[in-house]
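Geometric and topological summary
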Amino acid sequence: FNIINEPNAPCYSVTLYALSVGLLDDSSRWKHISVLITGLTSLGSLESKSLENAVKCCSKANHWNEALDLLNLSKNAVGSISVSTVNAVISACGRNNRACEAVEIINKMKSELNIDPNERSYRSAIMACNQAEHQNHRMVASHHVLSARTPPQREEEDFGCDDIGMAGIGREDLTLQWWECALSLLRRMTEESLLPDLQIYSSVISACGVAGKWQRAIGVLKMMEDEGRIKPNLYCINAAMSACEKGSAWIEAVALFEQMKFNGIRPNFVTINSLVIALDKSGQRELAENIYRKAVSTRILSHWKWNKAKNEDETVVRMMDLHQYSVSMAKIAVSHVIESMLTKYPAHDITQDLVIITGKGKYDIGVLGPLIISILQNDFGLKEANLDDDNKGRVIVLSEDLNEFVKLRKW
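First, a word on what this report is: a plain description of the structure on this page. (Residues numbered from 1 in each chain as written. Predicted model: local features only at pLDDT ≥ 70, side-chain atom pairs only at ≥ 80, totals over all residues. Heavy atoms only, no water.)

Under the 1.5 Å per step criterion, the end-to-end length of helix 12 (residues 234-246) is 18 Å for 13 residues, consistent within 8% with the ideal 18 Å. Across the 13 residues that make up helix 12, a large majority, 10, are buried. Within the span of helix 12, buried status applies to C236, I237, N238, A239, A240, M241, S242, A243, C244 and E245. In this fold, the buried residues of helix 12 make contact with helix 10 (198-210), helix 11 (214-227), helix 13 (250-262) and helix 14 (269-281). Immediately downstream of helix 12, the backbone of S248 shows phi near 55°, a positive value. (Helix = DSSP H or I, 4+ residues; strand = E, 2+ residues; numbered from the N terminus. Expected span 1.5 Å × (residues − 1). Buried < 20%, exposed > 50% of the residue type's maximum accessible area, 1.4 Å probe, protein only. Contact = heavy atoms within 4.5 Å.)

Following this line, the structure appears as structure tokens:
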């Protein structure tokens, strides 16, 4: 293209097409788009197809702002752009944490672009809302941690987007209710006789779940069941279960658990973890323990891991691995193993030291380390239980202490 003297409109258009389809080979090609569009505009030959290729090129490269600027030029283009082109911009905004822009585009599609949104339009916008809700949740959690660790004189410092690494979502946006936005878009698309797919439903449930709106999450599940077209999958149920956990709605969480078993959906780690937390927070410890034991016996969960010991020959030994466990589930897991030593079928051989992994590395004590030591010492009298001197991410209970424990309590 650069060697052509006075290129005409078809030259510009063909070059734009080549850039759009060849973007994966060179992600920097989007930089030439503005030059080409300017050239076409100067010739008075800005056609919708050329503009579409330019928009898609920028969208694929995740340059949502350039794609959005080009989309605004469509009013001056000859012909109309396609819905797939607009969808590409919405998707680019969503991938780059620009939920506001994604929702704004879908709201203006009909009025300003004279294009009816389709299922993909809503899917991309709803997914953007879900991601924004998760972003806000992480930001609030991080802010609480920073507030706890930061001296009072620094509490008024500004958290810019560059500081937190979350483009497009600043402190002023923390009041935005993205879960409500996702629900509103779902409601609107059904009113327009568009059919939500599984990904749309799961994104809405997930947004409600992270916000702790368990009534809304269960309501969307019920909508799916009433419609009868799509069955909720494990991801949908886990998201609703997480919402129940945050809202301490243990009765609803148990109902979801029983329903998924009835429907032949096998629970996973996330399911059991959320359910156990909900039960533990609500004082339903016995039920939480029963569900945990059942999950272990059916091999949904396993708190055992084979790892190298710290001796010279690096013997492979079995350890309890709790570093991914919640506090609620870790407490039950440790109690389950220790109490089993008083039964006919102990879960651990008391002639061997019990090693419990609680941290994510040899220098990471984590939250669980001190908690597990407290349970072992205070609830079971294992006073010598302590952190491994060579690995602070492990708790050690010596075999001598386990034998003494069994002798004192087994009768």
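Before going further, it helps to examine the pairing of strand 3 (residues 354-357). On strand 3, burial covers both faces: L354 and I356 on one face and V355 and I357 on the other are all buried. Judged from the two bridges that link them, strand 2 (residues 316-321) and strand 3 form a sheet pairing that is parallel. What sits directly across from M320, in strand 3, is I356. Each parallel crossover has a hand, and the one from strand 2 via helix 16 (residues 327-340) to strand 3 is right-handed. As paired strands, strand 3 and strand 5 (residues 391-397) are joined by four bridges and run antiparallel to one another. Residue I356 lies in a different strand from strand 5, and its bridge partner there is V395. (Pairing = 2+ DSSP bridges. Right-handed = clockwise from strand over helix to strand, strands pointing away.)

For the coordinates displayed, the defined rule picks out three aromatic pairs. For the pair F380 and F405, a centre-to-centre distance of 6.1 Å together with 80° between the ring planes defines the contact as edge-to-face. Taken together, the residues F380 in the loop between helix 17 (368-379) and strand 4 (386-388) and F405 in helix 18 (residues 399-409) connect sequence positions 25 residues apart. Feature note: the residues F269, Y292 and Y325 constitute an aromatic cluster, connected by ring pairs. Positioned above the aromatic ring of W304, the side-chain terminus of R318 is 3.9 Å from the ring centre. (Phe/Tyr/Trp six-rings, centres within 6.5 Å; stacked < 30°, edge-to-face > 60°. Lys NZ or Arg CZ within 6 Å of the ring centre and 35° of its normal.)

Quick look at unusual backbone geometry now. Backbone geometry at N114 places phi at a positive 55°, although glycine is not the residue there. Here N114 is to be found in the loop between helix 6 (99-113) and helix 7 (119-149). Judged by relative accessible area, which is 63%, N114 ranks as exposed. One non-glycine residue, R299, lies in the positive phi region at around 65°. Structurally, the position occupied by R299 is in the loop between helix 15 (285-297) and strand 1 (304-308). Relative accessible area serves as the criterion here: at 74%, R299 is assigned to the exposed category.

This part is about the environment of L387. On the secondary structure map, L387 appears in strand 4. Considered as a pair, L387 and V397 are 10 residues apart in the sequence and their alpha carbons are 9.0 Å apart.

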